[in-house]
Amino acid sequence: MVDYHAANQSYQYGPNSGGNGAGGGGSMGDYMAQEDDWDRDLLLDPAWEKQQRKTFTAWCNSHLRKAGTQIENIDEDFRDGLKLMLLLEVISGERLPKPERGKMRVHKINNVNKALDFIASKGVKLVSIGAEEIVDGNAKMTLGMIWTIILRFAIQDISVEETSAKEGLLLWCQRKTAPYKNVNVQNFHISWKDGLAFNALIHRHRPELIEYDKLRKDDPVTNLNNAFEVAEKYLDIPKMLDAEDIVNTARPDEKAIMTYVSSFYHAFSGAQKAETAANRICKVLAVNQENEHLMEDYERLASDLLEWIRRTIPWLEDRVPQKTIQEMQQKLEDFRDYRRVHKPPKVQEKCQLEINFNTLQTKLRLSNRPAFMPSEGKMVSDINNGWQHLEQAEKGYEEWLLNEIRRLERLDHLAEKFRQKASIHEAWTDGKEAMLKHRDYETATLSDIKALIRKHEAFESDLAAHQDRVEQIAAIAQELNELDYYDSHNVNTRCQKICDQWDALGSLTQSRREALEKTEKQLETIDQLHLEYAKRAAPFNNWMESAMEDLQDMFIVHTIEEIEGLISAHDQFKSTLPDADREREAILAIHKEAQRIAESNHIKLSGSNPYTTVTPQIINSKWEKVQQLVPKRDHALLEEQSKQQSNERLRRQFASQANIVGPWIQTKMEEIGRISIEMNGTLEDQLNHLKRYERSIVDYKPNLDLLEQQHQLIQEALIFDNKHTNYTMEHIRVGWEQLLTTIARTINEVENQILTRDAKGISQEQMQEFRASFNHFDKDHGGALGPEEFKACLISLGYDVENDRQKQTGSMDSDDFRALLISTGYSLGDAEFNRIMSVVDPNHSGLVTFQAFIDFMSRETTDTDTADQVIASFKVLAGDKNFITAEELRRELPPDQAEYCIARMAPYQGPDAVPGALDYKSFSTALYGESDL
């Protein structure tokens, strides 16, 4: 019985070394050490012995034919040791000692011993296999020796993903046949009986040789013969087994199947190398294509956002006022639509654009590519500048709209007041010119003259009383002009007409007075009662006219205090009505007394009072009108008071909500600042925590929507100020947008740290140490380090800035090491530190962010694909040539990436160039920014 096990890094091979299962991982020696002892009866099983003889013979002949010979009987043709030595020379490529040509037994034994010694020199320890058994034609020992040779020279060197020998070969078969239906390779016996696994191996590497979809699992003989014939014809793999031998055996011989399958592995090993090289290139090209897509997306989004900003700013800067309140209110409504509907998506686009830009730059750094430089005018800073300009224009636009609405309200109020006063004045002056021009005094009696004089004096008194109204009309017209009232032309025309008429009345009044005074001496009799009536009736009449004018006067207020002031003034006016009524009764009593005296003395009065046109009927009529207007004024003031009370409730309602939302936003902003500095746990934990935090912020949005609804009610009520809160809706909106942007940026920073950690292989402990050191030196918690803080941080991590490498600090933690460096007066090289600062702070802002710090540390501690590695991969695909052809690229790479390379590779200009040759070296260096692509 032959033992087979591993010892002292050497392998012991015996006839039982094949085993009957896939087993676990490990080296070939481990696999052989796990085999059961060789079973002589099982070895000599006729079916298995036949399969081994046929397979081993075919395998030996596949190598011996290279030396122009072959064997017919495996246990007879190796007895003299000559072909055995020749076989070892062919498969090893080495020369063995010169064989002995004698025919005697001793010569044969010596030759076989030379072969066995050579096998032992290759690290194989043979147990119980001696030259005498081989020379005597012992079939068991001969087959065991050949299996030992096959294991050592055909299977041992097979390695797939840290597994070798049988396990590696089995893993290779499983990987290659995994996509094929009805194929499940678990061993080297039963799994191969239906022939589909052999066909799948060929089809995976040479799909043009096998029509796999036409094969049937229930026809194993046809499947096996098809695979064996194709392998022999096209792959130079000799037929080592008959299909019938495999099908008719309950369990095919494992060693025979392994030997046969190893021939397929070696036949396709060259294709495997090309596949590996192609995979490397595909990986590099896929990264480059993805980055190009991200760049195109950034350019498109940036262009769209900048175009929107460019279109919107002129609209916000348009300060051309409208003529009416309705038109200005429509502009205000358009602006609210812009704030509620159009701007929020653009805020999100701007935030997403910054996130995409940061992610792209991170991916470029991780893939060792040059940083992305957007087109001119499309930098993040350009977009931020445009956005600042937009918000500056927006900030003044709403204030301008509200001021314009107030101005137009005041203009409408003044215009209506002007029309009322002008109408009253025009009604009063109607007929006054004709009266003053009348020459009735020429034919009047003395008493008539005296009456005319008194009447004229009363008119002069009335005229003086109307002087204030004329001045008010002129003042209102002047104010309308100063406020740029749109109908100023008609106002000015009407005001000028009134002023010209007033001047004419003054001249006519003076002329008539002079005429009357000439005959005054002749006028001696006058009715004192009528005169007293006229003197008292005129001012009382003016008072009633003024009262009616005031009671009908329009008012506009914005606060509860203003309406309460008007109500107080109105109450004060009502308190004077009893005195006014007594004055009315007194005036009417004078008229009645005149009537009584005339009647008692039989005096025939000519009609109305000669001194005034204000009759008792007029006084009573106007007094009745005043009595009617007072309750109407009461009702109007109470309605306005109710409106202002409602407005006050809206103010308090909005203030109550704003005083909650505003501090909440401010608190969340401060909490985000603390979270970004004090985050613990893994980066995934931090990311999950931030996303939960973000969701909690988003869940607060209904409070903002409620505030918007309350603000909408305030705007619709034309409420312009609120003394109950310092927060405006603009402050709340800006704070909310800043809060969303800040949390999104913080999440993006952690996501980029995860990308950096995963791509660079940085451990969680390293990342935590980097964060702890960074936070330790970030004294002001601003999220960035100054040059001296950054230098101290590098030293605390054991980084030697002068030699650009990390020092070994033994078991000291960062604080102990930092203290040691300071105590020993350690100093950093300025030149090297300036070089590092140019890497982490390319914009020379004087600050180093945590992301830049992580990028620098990851570049210093990890490795990535390089241009030289890509060039070496292209050289494999090109068959060691200095150029590659389009045909080779299309054969080895996926279609889209092959065409990507062909479109960007320059023609090869070397001395060994051929038509269609492409320069893969310059293309590879361009991928890493070392030249233009």
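Rules of the game
- Residues numbered from 1 in each chain as written.
- Predicted model: local features only at pLDDT ≥ 70, side-chain atom pairs only at ≥ 80, totals over all residues.
- Heavy atoms only, no water.
- UniProt positions renumbered as here; feature names shortened; annotations may be inferred.
- Axes fitted to C-alpha atoms, helices over the stretch in contact; angles between N-to-C directions.
- Helix = DSSP H or I, 4+ residues; strand = E, 2+ residues; numbered from the N terminus.
- Parallel < 35°, antiparallel > 145°, perpendicular 65-115°, else oblique.
- Left-handed = near helix turned anticlockwise from the far one by under 90°.
- Contact = heavy atoms within 4.5 Å.
- Phe/Tyr/Trp six-rings, centres within 6.5 Å; stacked < 30°, edge-to-face > 60°.
- Buried < 20%, exposed > 50% of the residue type's maximum accessible area, 1.4 Å probe, protein only.
- Lys NZ or Arg CZ within 6 Å of the ring centre and 35° of its normal.
- Salt bridge = Lys/Arg side-chain N within 4 Å of Asp/Glu carboxyl O.
- Pairing = 2+ DSSP bridges.
- 1 Å grid on protein atoms, 1.4 Å probe; cavity = no way out; pocket = protein on both sides within 12 Å on 5 of 7 lines; lining within 4 Å.
- Points joined across faces, edges and corners; volume = space filled by probe spheres on them.
- Nonpolar A, V, L, I, M, F, W, Y, C, P; charged D, E, K, R; others polar.
- Polar contact = N/O pair within 3.5 Å; in protein donor to acceptor, adjacent residues only side chain to side chain.
- Expected span 1.5 Å × (residues − 1).
- Core = buried A, V, L, I, M, F, W, Y, C linked by side-chain atoms within 4.5 Å.

- The name that an unreviewed UniProt entry assigns to the protein is Alpha-actinin-4 isoform X1, with the source organism given as Leptonychotes weddellii.
- Looking at the protein in UniProt, the text filed under Sequence similarities (unreviewed entry) is "Belongs to the alpha-actinin family."

## Notes on the packing of helix α4 (residues 82-92) against helix α5 (residues 105-121)
Thought 1: Running from N to C, α4 and α5 cross one another at 25°; their axes reach a closest spacing of 8 Å. Overall, the two elements α4 and α5 adopt an arrangement that is roughly parallel. In the crossing of α4 with α5, the sense of the turn from one axis to the other is left-handed. Seen from α4, the contacting residues are L82, L84, M85, L88 and S92; seen from α5, they are N111, K114, A115, F118 and I119.

## Considerations on the packing of aromatic side chains
Thought 1: Overall, the coordinates contain 26 aromatic pairs when judged by the stated rule.
Thought 2: A centroid spacing of 5.1 Å and a plane angle of 80° characterise the contact between W172 and Y265, whose relative ring orientation is edge-to-face. Linking W172 in helix α8 (residues 165-177) with Y265 in helix α12 (residues 254-317), this pair joins segments that are 93 residues apart in sequence. Y265 shares its class with W172; the two are buried.
Thought 3: For the ring pair Y180 and Y212, a centre distance of 4.9 Å and an interplane angle of 65° mean the geometry is edge-to-face. Placement of Y180 in the loop between α8 and α9 (196-205) and of Y212 in the loop between α9 and α10 (220-234) is noted, with a sequence separation of 32 residues between them. Each member of the pair, Y180 as well as Y212, carries the same accessibility label: buried.
Thought 4: Among the aromatic side chains, those forming a connected cluster through ring pairs are F188, W192, F198, F228, Y260, F264 and F268.
Thought 5: Taking NZ or CZ as reference, R152 lies 5.2 Å from the ring centre of F153, over its face.

## A closer look at the pattern of salt bridges
Thought 1: Considering all chains together, one arrives at 48 salt bridges under this definition.
Thought 2: The salt bridge partner of E532 is R536, with a shortest N-O separation of 3.7 Å. Of this pair, E532 and R536 both sit in helix α19 (residues 528-552), 4 residues apart, roughly one helical turn.
Thought 3: Judged by relative accessible area, which is 27%, R536 ranks as partly exposed.

## Quick word on the sheet that holds strand β12 (residues 917-919)
Thought 1: On the basis of which strands lie adjacent, the open sheet formed by 3 strands has the order β10-β12-β11 and antiparallel pairing. At either margin of the open sheet sits one strand with a lone partner, and together these are β10 (884-885) and β11 (906-907).
Thought 2: Direction of pairing for β11 relative to β12: antiparallel, over a ladder of 2 bridges. Paired with P907 across the bridge in β12 is L918.
Thought 3: Along the sheet, helix α34 (residues 920-927) makes contact with β10 and β12, crossing β12 at roughly 30°.

## Description of the layout of surface pockets
Thought 1: The space that makes up the second largest pocket amounts to roughly 720 Å³.
Thought 2: Along the wall of the second largest pocket there are 28 residues; nearest its centre are E398, L402, T728, M729 and E730.
Thought 3: Those elements that place two or more of their residues in the lining of the second largest pocket are α13 (325-366), α14 (380-429), α22 (616-678), α24 (701-716) and α25 (729-760).
Thought 4: In the lining of the second largest pocket, the residues fall into 8 nonpolar, 8 polar and 12 charged.

## Remarks on unusual backbone geometry
Thought 1: Positive phi outside glycine occurs at N182, with the angle close to 65°.
Thought 2: Within the fold, N182 resides in the loop between α8 and α9.
Thought 3: For N182, a relative accessible area of 47% translates into the label partly exposed.
Thought 4: Phi is positive for D880, which is not a glycine, with a value near 70°.
Thought 5: Mapping D880 onto the fold places it in the loop between α31 (867-877) and β10.

## Concerning α34
Thought 1: The buried fraction of α34 is high, at 6 of 8 residues.
Thought 2: Within α34, burial applies to Y920, F923, S924, T925, A926 and L927.
Thought 3: For α34, the N-terminal capping position is held by D919, with its side-chain oxygen 3.1 Å away from the main-chain nitrogen of K921.

## Some remarks on α8
Thought 1: An ideal rise of 1.5 Å per residue puts 18 Å on 13 residues; α8 measures up with 18 Å between its terminal C-alpha atoms.
Thought 2: Burial within α8 is extensive, with 11 of its 13 residues counted as buried.
Thought 3: All of the buried residues along α8 are A165, K166, E167, G168, L169, L170, L171, W172, C173, K176 and T177.

## Looking at empty space enclosed by the protein
Thought 1: In this structure the tally under the stated criterion is 1 cavity of 30 Å³ or more.
Thought 2: One number sums up the size of the largest cavity: a volume of about 90 Å³.

## Focus: the nonpolar core
Thought 1: Core analysis: the biggest nonpolar cluster contains 78 residues, and I149, W192 and F198 have the highest contact counts within it.
Thought 2: Residues contacting F198, with those up to four places away along its chain left out, are W192, L224, A227, F228, I257, Y260, V261 and F264.
Thought 3: Of all hydrophobic cores here, the second largest spans 47 residues; its members include L785, L794, F833 and A852.

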